[in-house]
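Here is how the chains run, residue by residue.
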Amino acid sequence: MNEDLVGKVAVVTGASSGIGRELARGLAERGATVLAVSRGSGSGQRVVDELRLSTGNERVRFLPADLSSLAEVRSVAALITAEEPRIDLLVNNAGAYFARRTTTVDGYEATFALNHLAPFLLTHLLAEGLARAPQARVVGTASAASRAGRLRLDDPMLERRYDGWAAYSQSKLANVAFTVELARRLEGTPTSAYAFHPGFVDSGFGAGSTVMNRLLRLAARLFARTPEQGADTGIYLATSAEVAGASGGYFADRKRIQPKAAALDRGLGERFWRLSEELVGLTPQERAALQRAQRAA
Ligand SMILES: NC(=O)c1ccc[n+]([C@@H]2O[C@H](COP(=O)([O-])OP(=O)(O)OC[C@H]3O[C@@H](n4cnc5c(N)ncnc54)[C@H](OP(=O)(O)O)[C@@H]3O)[C@@H](O)[C@H]2O)c1
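About the cut-offs
- Residues numbered from 1 in each chain as written.
- Predicted model: local features only at pLDDT ≥ 70, side-chain atom pairs only at ≥ 80, totals over all residues.
- Heavy atoms only, no water.
- Helix = DSSP H or I, 4+ residues; strand = E, 2+ residues; numbered from the N terminus.
- Polar contact = N/O pair within 3.5 Å; in protein donor to acceptor, adjacent residues only side chain to side chain.
- Contact = heavy atoms within 4.5 Å.
- Patch = residues over 30% accessible without salt bridge, like charges linked within 9 Å, V, L, I, M, F, W, Y side chains within 5 Å.
- Areas by Shrake-Rupley, 256 points an atom, 1.4 Å probe, with all protein chains shown as cover.
- Salt bridge = Lys/Arg side-chain N within 4 Å of Asp/Glu carboxyl O.
- Buried < 20%, exposed > 50% of the residue type's maximum accessible area, 1.4 Å probe, protein only.
- Expected span 1.5 Å × (residues − 1).
- Arc of directions from axis to C-beta.
- Near = heavy atom within 4 Å.
- Nonpolar A, V, L, I, M, F, W, Y, C, P; charged D, E, K, R; others polar.
- Pairing = 2+ DSSP bridges.
- Axes fitted to C-alpha atoms, helices over the stretch in contact; angles between N-to-C directions.

Asker: What is the right way to read the side chain of T123 from this model?
Answerer: Along the chain, the position of T123 falls in helix α4 (residues 110-125). Of note is the side chain of T123, whose polar atom sits 3.1 Å from the side chain of N92. In this structure, T123 is in contact with L90, N92, L130, V138, F178 and L182, ignoring residues within four places of it in sequence.

Asker: Teacher, can you tell me more about a nonpolar patch on the surface here?
Answerer: Residues F200, V211, L215, L216, L218, L222 and F223 make up a contiguous nonpolar surface patch of roughly 760 Å² in combined accessible area. Judged by its relative accessible area of 40%, F200 is partly exposed.

Asker: Honestly, helix α2 (residues 41-55) in this entry has me stumped. Any pointers?
Answerer: One turn of the α-helix equals 3.6 residues, which is why residues spaced by three or four share an orientation. Helix length check: α2, at 15 residues, gives a terminal C-alpha distance of 21 Å against a target of 21 Å (1.5 Å per residue), a fit within 8%. For α2, the full list of buried residues reads G44, V47, V48, L51 and T55. All buried residues of α2 project into a common sector of 100 degrees when viewed along the axis, lining one side. Summarising the geometry of α2, the exposed residues directed more than 90 degrees from the buried face are R46 and L53. In this structure, the buried residues of α2 make contact with α1 (18-29), β2 (33-38) and β3 (60-64). Two residues or fewer after α2 comes G56, characterised by a positive phi angle close to 70 degrees.

Asker: What is the right way to read the site of the ligand from this model?
Answerer: Around the ligand, 28 residues are found, and the nearest of them are S16, S17, Y168, V201 and S203. At a separation of 2.5 Å, an oxygen atom of the ligand approaches a polar side-chain atom of S17. Between the ligand and the protein, one listed contact pairs an oxygen atom with a side-chain N or O atom of K172 at 2.9 Å. Here the ligand has 890 Å² of accessible area as a free molecule, and 91% of this is covered by the chains. For the shell around the ligand, the secondary-structure elements that each account for two or more residues are α1 and α6 (164-185). In the shell around the ligand, the residues fall into 12 nonpolar, 13 polar and three charged.

Asker: Whenever I open this one, the sheet that holds strand β8 (residues 255-257) confuses me. Can you help?
Answerer: Two strands in a sheet stick together by hydrogen bonds in their backbones, pointing the same way (parallel) or opposite ways (antiparallel). Taken together, eight strands build an open sheet; the order of strands is β3-β2-β1-β4-β5-β6-β7-β8 and the sheet is mixed. The sheet is open, and its two edges are formed by β3 and β8, each paired on a single side. Pairwise comparison of adjacent strand axes, ignoring direction, gives a mean angle of 25 degrees for this sheet. Across three bridges, the pairing between strand β7 (residues 250-252) and β8 is antiparallel. Within β8, the residue paired with A252 across the bridge is K255. The strands touched by α1 are β1 (9-13), β2, β3, β4 (89-92), β5 (137-141) and β6 (192-197); relative to β1, the strand with the most contacts, the crossing angle is about 170 degrees.

Encoded structure:
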């Protein structure tokens with residue numbers, strides 16, 4: 001075991017398959033305590049058992065949560081905080097594509113809820129834990145799909161006309177815009193934020209929903225990179241000293257790349273942040289957690 005993360009605590013969402021499983025493996029191999037979050041207790045626990053065995057690291061644990069539910073984001077955050085008061089790495093990776101408009105238990109459009117609101121809320125709820133680490137990092141799995149996205153402040157959940165691609169590309173642009181704004185709010189603190197595009201990866205992504213997705217899966221098997229290759233830039237961002245001064249950056253293949261201009265638009269980023277705060281129902285104390293991290297710097 002490469003031991004450079006021994007003593008560090010990492011939370012990885014969507015660690016039960018694909019890119020997330022390899023992100024969790026990479027961090028566990030380096031000795032981190034890994035809290036793996038996803039739904040499906042059977043599959044999640046099986047993956048964690050396999051990760052423990054293959055990495056020789058017993059400190060990999062499974063925490064079940066359906067992150068499309070705000071209540072479950074809150075309960076898993078409470079569980080994490082109770083188990084690990086200090087968090088060194090938060091990898092917001094869980095995500096999905098919904099070909100048809102689906103709503104969550106909160107009545108929100110599922111892509112927006114799972115891919116954007118969940119990491120937004122989880123990061124806030126873990127802000128104090130992150131602030132207790134000497135140099136915490138928040139890493140988000142975004143996508144090149146962000147280039148096709150548009151942040152629709154007037155209709156973020158595509159109530160007027162749903163299109164799976166519009167919803168997905170917006171959510172991935174939201175991941176990049178969130179990273180940029182988070183880094184700005186955390187400027188001067190020891191916590192950094194990064195987003196990355198993993199490439200086109202042959203994972204469980206989009207499995208079985210429509211003919212289009214099945215064709216994509218076939219293409220993936222023929223042309224895509226492996227989940228391990230897809231996770232490489234994420235592990236690099238979580239661990240490398242080379243990116244220490246690059247908070248707010250968007251990366252692909254270990255290189256900083258220019259995101260879509262909308263992700264860098266400060267006015268839009270702030271308005272989108274406020275809308276997200278309202279939609280997740282942040283309490284004044286929860287909002288203050290991030291501000292306290294800023295003030296403590
Ligand atoms: N594959 C690609 O080519 C590609 C390209 C660019 C970006 N990405 C991004 O990479 C990330 C990971 O995708 P992947 O390709 O590795 O897909 P994947 O194999 O389908 O993995 C998705 C992970 O998210 C979890 N998840 C899904 N819905 C969830 C929910 N409601 N609550 C909690 N966890 C949930 C899944 O676990 P459970 O189902 O067990 O809950 C699984 O662990 C996504 O954010 C995706 O947008 C993928």
